[in-house]
Amino acid sequence: MQVAQKMDFSLEIIRLLSEPPGNIIYHLITLLALQVVFAMSYSRWRRDDNDLLAQRLMWASVAIFLGRVLLLLVGLFYGQEPQRAAAILPPLEHATNTATVLLLVWSLIPSPRRWPRLGDILLIVALVLITILYLFFAQEWAEQINAGVAYYGGTPQAIVWGIIQISVLIAGMIYLLLDSAKREPLPAIILSILLLAALINLWNYAELVPTDTNVPYWTRLGYLIALPLWAVFAYQHYLSPILATESAYEDSVARFGAALDEAAEVIVTRQRERRISKSLEMATHLLDAAFVSIGVVDRRNTQRINFSSNTVDANSSAVKQWAIDLSRHPTLNAAVRQGQTVELRATGLGARQLHEFYNAYGTDPLGPLLIHPLDENGSNSGLLVIAAKAN
């Protein structure tokens, strides 16, 4: 009883995906999904023409769309000629499916950074080989049809197509699993669905479910699920800058709120060390900087300026502190004495003094420096030093 129910279910899937109007609906759904992928990726590429993922999604969706339209048109053209359709469509659909797998994997997996064009070259070579293989298989299948062979699924051709698709999908899955930078689960899900469909289709012999169709219905079922998911992935990528901006805005609001709380503590705190500590925390929350430091002129030795930073000393686990002799740092001295805001970069006149400051701080250069004088009761008593993030 259960075996009969399973067979009836399989037959329903076969009819749905291989006979009108189900097969037409299948083509329309997959073509609509491809149009969504193109629209999302094209819009994303227009906003950022350096987005390589958007470029790959866009070109892959165009190529797959054209292949699917060609397959649909050929099917409609020979719809009233079953013999001609049986001779032309099976190798054409298998070749189209194999090219689709290649394009999908290419779109979801970037080329290695050392060889940025390697993926493009491999794709072009593979598509050329598939075209040559199709031309050979199409001629051979036409001869087999004339010789009385009716079922394409059990032929060596179908097995070759299936092995190629499975090999490409497995290679793509392995790459996604090994690439720690690719955290999105959707590409792996898409390839897993197509891999499962290809495996079932490869071992789906005519004896298991008796049918007279040459349509790879299990593969079609895989695409019916995978291509809409591909459209969802393209939509997620399209939204990623918007979501990142929203996240950055929420982070900025949180940092600004924390800075306001610390500003209130700075105002009410009379102890100088605690005021400096809270000022550092406030500046850190307000500024997106590599590090922030505040230097206060020593009251006993006005040529000495004592710095505190928002970083932790590795040796003591306390706030990192150090002192600089102003007589040896004319830029810092000018900023304190004359109240000048100074910018130091790695190139130009301030390069040497930039490196001297970082040497006194005890680290390699983190980025350009902005040095701003601090006023206390009408006199310059210290410096605010901000290190921009190096590009």
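For the structure, check the block above.
The following refers to the structure shown.

Conventions used here
- Residues numbered from 1 in each chain as written.
- Predicted model: local features only at pLDDT ≥ 70, side-chain atom pairs only at ≥ 80, totals over all residues.
- Heavy atoms only, no water.
- Salt bridge = Lys/Arg side-chain N within 4 Å of Asp/Glu carboxyl O.
- Helix = DSSP H or I, 4+ residues; strand = E, 2+ residues; numbered from the N terminus.
- Buried < 20%, exposed > 50% of the residue type's maximum accessible area, 1.4 Å probe, protein only.
- 1 Å grid on protein atoms, 1.4 Å probe; cavity = no way out; pocket = protein on both sides within 12 Å on 5 of 7 lines; lining within 4 Å.
- Points joined across faces, edges and corners; volume = space filled by probe spheres on them.
- Nonpolar A, V, L, I, M, F, W, Y, C, P; charged D, E, K, R; others polar.
- Core = buried A, V, L, I, M, F, W, Y, C linked by side-chain atoms within 4.5 Å.
- Contact = heavy atoms within 4.5 Å.

**Topic: the pattern of salt bridges**
Turning to step 1, where the next piece is worked out: Taken as a whole and judged by the stated rule, the model has five salt bridges.
Turning to step 2, where the next piece is worked out: Ionic pairing is found between Arg220 and Glu93, a salt bridge with its closest N-O pair at 2.7 Å. With Arg220 in helix α8 (residues 217-268) and Glu93 in helix α4 (residues 82-108), this pair connects stretches of sequence that are 127 residues apart. Neither residue differs from the other here; Arg220 and Glu93 are each classed as buried.
Turning to step 3, where the next piece is worked out: Here Arg304 ties to Asp298 by a salt bridge, and the two come within 3.7 Å at their closest N and O atoms.

**Some thoughts on empty space enclosed by the protein**
Turning to step 1, where the next piece is worked out: One pass over the full model with this rule turns up one cavity of 30 Å³ or more.
Turning to step 2, where the next piece is worked out: Each pocket or cavity is described by its volume, and for the largest cavity that value is around 120 Å³.
Turning to step 3, where the next piece is worked out: Around the largest cavity, the lining residues are His94, Tyr151, Gly153, Ala158, Asn201, Leu202, Asn204, Thr213, Asn214, Val215, Pro216 and Tyr217.
Turning to step 4, where the next piece is worked out: Looking at the lining of the largest cavity residue by residue, the class counts come to six nonpolar, six polar and no charged.

**Observations concerning the nonpolar core**
Turning to step 1, where the next piece is worked out: Counting residues in each nonpolar core, the largest one holds 59 residues, and the members touching the most others are Leu169 and Trp230.
Turning to step 2, where the next piece is worked out: Every element with two or more residues in this core is listed here: α2 (22-47), α3 (52-77), α4, α5 (118-146), α6 (156-178), α7 (185-202) and α8.
Turning to step 3, where the next piece is worked out: With 13 residues, the single largest contributor to this core is α4.
Turning to step 4, where the next piece is worked out: Residues in contact with Trp230, not counting those within four places in the same chain, are Leu34, Val37, Leu57, Ala60, Ser61, Ile64, Leu104, Ser107, Leu108 and Ile190.
Turning to step 5, where the next piece is worked out: If you look at the next biggest cluster of nonpolar residues, it comprises 21 residues, including Trp322, Leu354, Leu383 and Val385.

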